[in-house]
Every structure is written in C-alpha cells, then in structure tokens.
Amino acid sequence: MRIALALVLWAATAAAAVPSPESHFGHPMGEDKKLLDWAKVVSYFQALAKEDPRVRFAEIGKTVQGRPMIAAIISNEATMRDLNKYQRIQKLLADPRKTGATEAEKLFAEGKTVVMITCSIHATEVASTSTAVEFAWRLLTEDKPKYRQILDNVIFILVPSLNPDGVDIVTQWYRKTLGTPYEGTAPPELYHAYVGHDNNRDWYIFSQPETRSVVQMLHNNWHPQIVYDVHQQGAAASRMFVPPWMDPIDPNIDPILAQMCNMIGLGMASDLTAAGKKGIAVNAMYDFWIAARHYQAYHGGMRILSESASARLASPVTLGKDQISEQALGYNPRERAWNHLEPWEGGTWRVRDIVDYQMIAFESLLWQAAVRREDLLRNFYRILEKAATRQTPYAFVFPKNQLDPGSAKKLLETMAFGAVEVEQATEAFTADGKQYPAGSFVIRMQQPFSAFAKTLLEVQNYPDLRLYPGGPPKRPYDVTAQTLPMLMGVRVDTVQDRFAAQLSVSRYFPFELETAAPAGALAVSDVDSWKAVNEAWKASKPVARDSAGNFYINRAAGGDVKPIRKPRIALYRSHVPSMDEGWTRWLLDQFGFEYTRLYNKDVLAGALRKRFDVILFPDQGPGTLYRGYAPNSMPEEYAGGLGSKGEEILKQFAAEGGALIFLNDSTAYAVGHLGAKLKNSVSGVSNRQFYSPGSLLNVSLDTTHPLTRGLPKEITIWSEGSPAWEDAEGVKVIARYPANKVLASGWLLGEKFLVNRSALVEVPVGTGRMILFGMRPQYRAQSYQAFKLLFNALAGY
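Worth saying up front: this structure is predicted, and the values here are computed from it rather than measured.

Participant: I tried to follow the overall build of the protein on my own but got confused; where do I start?
Facilitator: Of the regular secondary structure elements, the protein holds 23 helices and 34 strands. Over its C-alpha trace the protein gives a radius of gyration of 27 Å, about what one expects of a compact globule, namely 28 Å for 797 residues. Counting only C-alpha atoms and orienting by the principal axes, one finds that the protein spans roughly 95 × 70 × 60 Å. When the 797 residues of the protein are sorted by exposure, 61% land in the buried category. In the protein, the proportion of contacts linking residues at least 24 apart, taken out of those at least 6 apart, comes to 78%. Taking the average place of the 87 positive charges on the side chains of the protein and the average place of its 82 negative ones, the gap between the two points comes to 2 Å.

Participant: Which parts of the structure should I look at to understand the sheet that holds strand β18 (residues 441–444)?
Facilitator: Strands pair in a sheet through their backbones, by hydrogen bonds, and they do so in one of two ways: parallel or antiparallel. Taken in spatial order, the 5 strands of this open sheet run β19-β13-β18-β15-β20, and their pairing is antiparallel. Single-partner strands in this sheet number two, and they are β19 (493–495) and β20 (503–505). Strand-to-strand twist of the sheet, defined as the mean angle between neighbouring strand axes without regard to direction, takes the value 30°.

Participant: I'm lost on the packing of helix α5 (residues 83–93) against helix α6 (residues 101–110) in this one. Help?
Facilitator: For any two helices packed against each other, the geometry comes down to the angle between their axes and how far apart the axes lie. It is the contact of α5 with α6, at a shortest axis distance of 10 Å, that shows an interaxial angle of 140°. Taken as axis vectors, α5 and α6 run oblique relative to one another. Where α5 crosses over α6, the handedness of that crossing is left-handed. Where α5 abuts α6, its residues Lys85, Tyr86, Ile89, Leu92 and Leu93 lie against Glu103, Ala104, Leu107, Phe108 and Glu110.

Participant: Looking at this model, I keep getting lost on the packing of aromatic side chains. Mind explaining?
Facilitator: Any two aromatic rings considered together are summarised by their centre-to-centre distance and by the angle between their planes. Considering all chains together, one arrives at 42 aromatic pairs under this definition. Judged by centre distance (5.0 Å) and plane angle (80°), the ring pair of Trp289 and Tyr462 falls under edge-to-face. Residue Trp289 is found in the loop between β9 (287–288) and β10 (302–309), and its partner Tyr462 is found in the loop between α15 (450–457) and α16 (484–488); the two are separated by 173 residues along the sequence. On the accessibility criterion, Trp289 (6% relative accessible area) is buried. Cluster of aromatic residues (ring-pair linked, three or more members): Trp530, Phe551, Phe591, Phe593, Tyr784, Phe787 and Phe791. The lysine or arginine in question, Lys144, covers the ring of Tyr147, its NZ or CZ lying 4.4 Å from the ring centre. The positively charged end of Arg239 is found above the aromatic ring belonging to Trp344, 3.8 Å away from the centroid.

Participant: Looking at this structure, how should I read the side chain of Arg239?
Facilitator: When you line up the elements, Arg239 lands in the loop between β5 (226–233) and β6 (240–241). Within polar-contact distance, the side chain of Arg239 engages the backbone oxygen of Ala235 at 2.5 Å. Setting aside residues no more than four positions away along its own chain, Arg239 makes contact with Lys278, Gly279, Glu307, Ser308, Ala309, Trp344, Trp349 and Tyr357.

Participant: What exactly am I supposed to notice about the sheet that holds strand β8 (residues 280–281) here?
Facilitator: Reading across from one edge, β1-β2-β4-β3-β5-β10-β6-β8 is the order of the 8 strands in this open sheet, with mixed pairing throughout. The outermost strands of the open sheet, each flanked by one partner alone, are β1 (55–62) and β8. Contacting β1, β2 (68–74) and β4 (154–159), helix α3 (residues 38–51) crosses the sheet at an angle of about 145° to β1. Of the strands in this sheet, β2, β3 (113–119) and β4 touch helix α8 (residues 145–153), which is tilted by about 95° from β4.

Participant: Would you mind going over helix α14 (residues 405–417) with me for this structure?
Facilitator: In an α-helix there are 3.6 residues to a turn, and that puts residues three or four apart on one side. The first and last C-alpha atoms of α14 sit 18 Å apart over 13 residues, in line with the 18 Å expected at 1.5 Å per residue. Counted residue by residue, α14 has 10 buried out of 13 residues, so it is predominantly covered. For α14, the set of buried residues is Pro405, Gly406, Ser407, Ala408, Leu411, Leu412, Thr414, Met415, Ala416 and Phe417. One side-chain oxygen of the residue at the start of α14 lies 3.2 Å from the amide nitrogen of Gly406, identifying that residue as Asp404. Just past α14, the residue Ala419 takes up positive phi, approximately 70°.

Participant: Mind showing me how you'd approach the side chain of Glu125 here?
Facilitator: Here Glu125 lies in the loop between β3 and α7 (127–141). Among buried Asp, Glu, Lys and Arg side chains, Glu125 stands out as unpaired, with Arg201 the closest opposite charge at 8.4 Å. For Glu125, the side chain forms a polar contact with the main-chain nitrogen of Gln232, separated by 3.0 Å. Not counting chain neighbours up to four residues away, the residues in contact with Glu125 comprise Ser120, His197, His231 and Gln232.

Participant: Is there a simple way to explain the packing of α3 against α7 in this structure?
Facilitator: In the contact formed by α3 and α7, the axes pass within 11 Å of each other and the chain directions differ by 15°. Between α3 and α7, the crossing angle belongs to the class labelled roughly parallel. For α3 against α7, the interelement crossing comes out left-handed. Of the residues in α7, those in contact with Val41, Tyr44, Phe45 and Leu48 of α3 are Thr129, Ala132, Val133, Ala136, Trp137 and Leu140.

Criteria and thresholds
Residues numbered from 1 in each chain as written. Predicted model: local features only at pLDDT ≥ 70, side-chain atom pairs only at ≥ 80, totals over all residues. Heavy atoms only, no water. Helix = DSSP H or I, 4+ residues; strand = E, 2+ residues; numbered from the N terminus. Rg over C-alpha atoms; globule rule 2.2 N^0.38 Å. Buried < 20%, exposed > 50% of the residue type's maximum accessible area, 1.4 Å probe, protein only. Contact = heavy atoms within 4.5 Å. Lys, Arg positive; Asp, Glu negative; His and termini not counted. Charge placed at Lys NZ, Arg CZ, Asp CG, Glu CD. Pairing = 2+ DSSP bridges. Axes fitted to C-alpha atoms, helices over the stretch in contact; angles between N-to-C directions. Parallel < 35°, antiparallel > 145°, perpendicular 65-115°, else oblique. Left-handed = near helix turned anticlockwise from the far one by under 90°. Phe/Tyr/Trp six-rings, centres within 6.5 Å; stacked < 30°, edge-to-face > 60°. Lys NZ or Arg CZ within 6 Å of the ring centre and 35° of its normal. Polar contact = N/O pair within 3.5 Å; in protein donor to acceptor, adjacent residues only side chain to side chain. Expected span 1.5 Å × (residues − 1). Salt bridge = Lys/Arg side-chain N within 4 Å of Asp/Glu carboxyl O.

Have a look at this one:
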C-alpha cells in the first residue's frame, strides 16, 4: 500500500512539474489563427524530458535547411529505465531466423508494443504538430485508466513533425498574410526545400535527409508494430478518414498486416463515432498499393493513416451543406453509407476541431496497441517468419558487369538502407541455367524484410479497376509502378529455383562496366561520370568527349576527342510552386550541375542568350507558365506568369542558338505558345480510352542522336498523363513507343494511342532548338537511366 501511495504521489508531483502547452507557447493548442514555431516545439519536448523521466528526447538528424529532427520516446518509468532491453526484444522478434518459437513466446509476454506516430509531413496540414504537443502533455499529466494502460504496455515514439522546415515556412507565411485577403493561402514556395508534398513519396528511394533520419534512427532501430501517419485532406469531404484502405492492396503486404490495419482503423472509427464526431469515412479515397508511402508495411508493421478535413491553415472555414462535395472516391460525403455512417452536414470548421478528432484517434490507436500487446507482437513475428521462409522467387541476382555501375551501386545501397541483406558471390555460380561470375550480388528472399526488396525489384501488375462495370477507371491514390531496375537501367535477374553459391553479406557494392571505356575515359554509360565532369568544370579543368560520348578530364583534344565547355543552365521557377521543379533542383545539386533559378522577371528582362545556353522548364501546365497566379489571388509580387512578352523572348533565345528543354506537361507550352508544330495523340481522349496514371512504358531510342549517348536501344520511361506525339516534318524523333507491348510495369489503358508515337523529340528553332520530354526523366529521384537523357540535353551537342 505504501509503495502504491508513493507512486501515486510521485506521479502527481511529476505531472505538476510538466509545463502545459499554453504556458510554453502562450496560447492553447488549436486556437484560431495561431501556428507554432519549430524552435518552440523542440524546446517544449526538451522541457518534458527534463521534468518527467517517462520521456526521452532524441535529436535524430537535421533537415535540408539544418533544423533538428526530433522524436520523443514515452513509456512508464520502469520501461524507460530499461529501454535498451525492449529495443533488444524488438530486434529479436524482427528476425525469426535467429529467434526460435519457444524464445519468441517468452518475448511476446515480456515485450512492449512499439508505436510511432508521425505528424505534419505536409506542412500546410498544420494541426497534428499541435495535437502531438497536447497529447503528450495530457498523457503525462492526466491519470486516466486508458493512459495508464498505454504507458504500461506501449513504447510510444512521437515525431511532432517529419518536416520541421515546412512548419516554419508555413507559419511565417501565415503570419505575414494574416489579416490580408491572402490569409489562409499556401505559401508561394515548396514547403519542403526540394520536394514539397512529395516528401511522403520518398519512403523507398530515401533521397531526402529527413526520410533517411527517420528510417535509420527510428524504423530500423525500433521496428515499430504500428506507424500512424497523421494527415489532412480537403475541407469539403469527410471530417476524417481512417482505414480500412481501398483496393488495391499490394500483394507483397502480408494479409495478417492488412487485416490488422482494418482492425485498428475500425476501432478508431468506432471511438470517434462514440465520442460524437461525425463525418468519419473508412474504405475510401486511399489505397494500400505504392511502396513510396508504406515503408513499415514491408517490415512487419502496420501503416495507419488518418486524413482530417482542413481549415484555411489556422483560420476557420464555414461550409453550407450544399458546399460539401457530392462525390468522393468510394463514398458520397453528403450521404449515409456503411463506410460513412454519420455525414457532417456543414458549419464552421476550425483547426481546434481537427485537433479534437486527432486527440481521440491518437488515444484509440495507442489503447488498442496496449490491450492487444501480445497479439500484435505475435503477429509481427509471424509476418516476418513467413517472409523469411519465402520460396518464390528464390532470389534476385545482380550480375557483376553492368552497363551503368553507378546506378547498380545506388540500387543496392537503397536495398541495404531499407534493411535488406545483400550478399556477394565469392565464386562463379549457376542459377536458373544462367552463369554468373564471382562478384555478382544476390538478394535471397529468405529474409525478414524480403517483401521490401520484392516489391521494388519485380514488375507491378496493377488491376484494371473501374468505378463501375464498363465505366471509367478508378484512379489510384498515387501511382501504379515502382520497378526500380527498369527505372534505373540495372540488370536484375529473377531466379525462381534454389541454387548453390558461396555467398557473404556485403555492404560495399562495386560493379564493373559491361563494356570497358577507352583508356583514361569516364564511361558515358555510368551515371556517376557526370559527378566527376561537374567537379572538373567547377575546378576549371578542361573536359572533352569522344564521339561515343565518353568523357576525358585534363586531356588535350584531338582526333575523336573534342573539348566541351560547361553549359550555362537556367531552371525556370514559377511563383506557383512545382514539386517537379524541386525534384529537378535536387537532381542538379546531387550531380553537381551549376545553374541559375530563373523567375518571371528574369525572363521578361530579356537578353537571355547572353547569360544562358539552356533553359529548363519542369513539369508544369501551360496555363500556369503563361498566367501564373491570377490577379488578387496572391500578393502582387507573386501574381502573373510569362505572358505574351515572355513567349517572344523565349522564341528569340532559341532562335539565337539557345536550347529550351520542356518536361512532361510543360511541353504543351512549347506547342501552344512557342510554335512547336506537334500533335499530341492522347490530348482530349477520355480516360475510358486512354489512361496512364504513373506507369513504366517501353520506348526505343535513336542511338545515333547525341541525347542517347550512354543508353541502350530499348529503355523504360516514366509516364504519368504524359503526351505522345505524331510524326511531324522537321521534328527529330529521339524516343518512340513500340508497335506492341508498350506497358512495362503498372497500368495502361489504350495502348493503341501510343503505338509508334514519339516520347522525346527535338524541334529546330533558328540556330537553336526545343527538346520536348514526354516524360519526367528525373522522376522522384528514381529514374537514373533517364537522368542521362536529361544530362546530355543540358550539356549540349
């Protein structure tokens, strides 16, 4: 009795010492027209850890702009004193090859459910960082039975923002526009320095430091059973979505895991409804297909998503019933249905409402994790046990000799970073009747995280889903393909049958060129050669190329080797933020290209040819390029686009010998505004007839054209609503779709509209040219093979 009383008194004392959010920030969480500064969020969680031994503060890395990435680990005091023990239990359960069934049973009884909740990866979805602050405080200070169960049975990893830079970008913009006609608008810049909203599409290529920090320090160290990612959606549909997910579900996601997502999500929906919260939708809008958003689902853990209706950042929004959407994917937000039982009928919606819904969702998920602790640990182990005994396919083999060693190395580094075991053969071996030399790499499927490797290395066969029989396609939430060997131009063989080979685990991945480059040359087929070339240019070293495109640094020109100079590159930057522009900057920065960001005022100033050799336009629609933000929709300095004057200046730039490069949708600007005489064969075609919603397609290259140096005759490209052109007089076709078998991976309707059409063309203009990419050659940091097409275009010829 005395011990229990002492614990109660201690808990009360600790609770009294924990600072309240209002005392720290100067206002309650979720107050109208109040947003948070990241530095104050960091100092709040530091204060919690200082005052309460049930909290451990961890800085896990830095953002692109240098802000701290943080996590708070929360559990009862006994667990926190022995945290290393529980982390060790997680690692033992995560590898059933090393942990037998008898030992596992003991660990199920002893271990804790590890739950990670991640907030505000999309920085205009502002509420969840405030929810994280308030929920942590209440969990530590309110003596509720559910909270006690959570603290006793769960190790709770709370990430108050996956995008700290965005927290400050949005907060600063909101404060700047507060009280103006622009209050509640999104900022006129990406809220992640490089990738904006696509930061939640980076969970298998790991291109951004924020992603890498969370995967390396939290996912791979703690192996959480549940990862709950907290989001917001548009204002006019449901008040909150939670799982079950819609079809399709990636077949590489274990059925046990998918069913547990259903269970947890429906429990959250039940608790929200019981609390009187209306507008809860399940089995709607969001599918469970693409691996770019679901890292933990391939590592034994659930990925739970919630999407709350948004306000105007922190400003309230009022909607009448007639302003609520009449149709959303999978349900009607105005109508009652099994997956949307109590529609929200309109009213004023505040950021505090979002926080209230999220507070219930946090508690529901964590309590379910607490009361089903042993079940969740047992199922986690079982899922990974099944993965570790997978037999079909047996393995994926990366032959030692590759056309592009740099891309092959990058692909295996990606696998290893995702906790996949990569082995190297110490002697030659035979698999499925093929001979492989010593030094080849093997990823066997008999390992716990084989699902991650398999989903990224195999071809995707996306189902043909329609809104109703014979109707239009049911759109995927994101895209339909992710086959990295195709995107990266790496030979990877799927081996079905077991084979014998001498293998050892490797974390170093040297490959050799399939065809050796000339002595002293950097092979044009190796994407990493471009890094060396750009380093040489920066150091003012001479660079030359031979007729095959191979590079020579510090070598005198002569014969087949001719000098090339560093291109003067401009990257157009509309005031309307473009994720593709950000991805393009990332690519140029990663490979060392020097460039200038070109704004409307810079174009309109004219004399572009004196400053630049090439101007690159990212994937952005022609209306946005021409008009930009409409008048009075944003502050005056951000309104407008290139307009008629910009058209004439760009035409003059090309006529004087400059190169204009257009990616994907921006090619329509070249056609509609700059005089490229091309007809897009899929323009105006209904999606019942043609649909390419993020797929990999086959094309053939004209290997005599300078843009294709370093590439094979047949490649795959990324297509996402991309144009395809009919042949036209004077236009050089560089990439063409084949006569059949256009689809390589994903989903494609209406192949006939692409057959023999062009995907990459050059249009002469005076002494210059326009190059139109009917694709995104720098797609989300993944399309390493197509990078070389873009690099060749930038370097000139």
